[in-house]
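# What the coordinates show
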Amino acid sequence: KASAGFELRLGPDHPNTLKCLHNVAMLTAAAGSLQEAAGVYEGALAARSRALGPEHPDTLKTSCNLGLTWHQLGEHAKAVEVLSATEESARRVLGPSSPVRLASAHNLALSLAGEGVGRRREGIEMLRAVWQSRREALGPTHRDTLQTCCDLGRTLAGGEAAHRTEARALLVTALEEAKGALGAAHALPRRVEAALRAVEGQAALPGAGELDEAEAEHWAAVQADRRPDDGLTALLMHVFVAPERLGGPPQGLRRDLRRRLLSAVLDAAWAAGATAVEALE
């Protein structure tokens, strides 16, 4: 409804219409409706490719998130196809250290290591490279760096027994740094801790999008705390598009709402093990 309203008022190729379509897809994925999100991302990708070109930075962001969604759905072959093209274009157009290229490579590595692809070793080496690049570009305690470290540890732990020692060392480091940088209650250190417990107990690691018991209780509490009449797409329209003269919030309040909503969506995405490229901006 939000994107349809923007299209009617602004036109199908207006930047706000295209951004809304991307953001609705991201919100849908963060809410757990991955199949629906994939369809919305495909529509957003087609629209941005038509309006902006297939290698525009915004188009590549949508393509990266579409590939991630296919990965989370277990459609690893589709994810590899989309993310390989996205990573190559982002490397050429934006540079090897650009956020979009690194996010695409991270997501591609996870898909290469996915079941049935047969390229696990290649995926692990790509994750190592992304982790090193993010450490150099962002620092060791940036949440993107920590997410890659966590995913590298989880991926190693899910394979040969010989990799468990390295996996445990990576996860211990990631947990210590994540707690120091983000706080123990943040979704990312909680996810790292769950992975570490699984490695130490040689238990099955939770799959993409699965939460451990503590995380599930945390997000149930977050959901219960929301007002029943909260409408994410309506809020998206109100905060991100409607100017003050059309009933939108004042600029100062808009900035505060942007920060709060962005934080909530990113927390939900990280709780599901996602690397989100563009989030409500």
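Here the structure is shown first, and the text comes after it.
Everything in this summary refers to the structure shown in the same document. All figures in this text were calculated on a predicted structure; none of them were measured in a lab.

The rules behind these values
Position labels on residues start from 1 in each chain and follow its written sequence. With the structure being a predicted model, the display of local features is reserved for residues of pLDDT at least 70 and the display and counting of side-chain atom pairs for 80 or more, all residues being used for whole-chain, interface and lining totals. The basis for every side-chain value is the complete set of heavy atoms in the structure, and neither hydrogens nor water enter the calculation. Only DSSP runs of H or I reaching four residues or more are called helices, and only runs of E reaching two or more are called strands; each is numbered from the N terminus. A simple rule labels every residue: compare its accessible area, found with a 1.4 Å probe on the protein chains alone, to the largest value its type can have, and call it buried under 20%, exposed over 50%, or partly exposed in between. Whether two residues are in contact is decided by their heavy atoms, any of which lying within 4.5 Å being enough. Each accessible area is a Shrake-Rupley estimate made with a 1.4 Å probe; only the visible protein chains count as cover when residues are assessed. Nine residue types can take part in a nonpolar core, namely buried Ala, Val, Leu, Ile, Met, Phe, Trp, Tyr and Cys, and a core is a set of them joined through side-chain atoms within 4.5 Å. Expected helix span is taken as 1.5 Å per residue step, with the number of steps being one fewer than the number of residues. Of all possible arcs, the one meant is that of the directions from the helix axis to the C-beta atoms.

Turning next to the overall build of the protein. The helix and strand inventory of the protein stands at 13 helices and 0 strands. When the 281 residues of the protein are sorted by exposure, 47% land in the buried category. Across the protein, contacts joining residues at least 24 apart in sequence account for 55% of those joining residues at least 6 apart. For the protein, the computed accessible surface area is about 13,300 Å², with 52% contributed by carbon and sulfur atoms.

The biggest cluster of nonpolar side chains holds 43 residues, and the ones touching the most others in it are Met126, Leu152, Leu171 and Val192. The residues touching Met126, leaving out its near neighbours within four places in the chain, are Ala105, Leu108, Ala109 and Leu112.

In this section: helix α9 (residues 164-182). With 19 residues, α9 should cover 27 Å at 1.5 Å per step; its first-to-last C-alpha distance of 26 Å lies within 8% of that length. Within the span of α9, buried status applies to Ala167, Leu170, Leu171, Ala174, Leu175 and Ala178. Seen from one end, α9 has its buried residues packed into an arc of 140°, which puts them on one side. Every exposed residue of α9 that faces more than 90 degrees away from the buried side is listed here: Thr165, Glu176 and Gly180. Against α7 (120-138), α8 (143-157) and α10 (187-201) lie the buried residues of α9. Looking one or two residues past α9, Gly183 carries a phi angle of roughly 95°, positive in sign.

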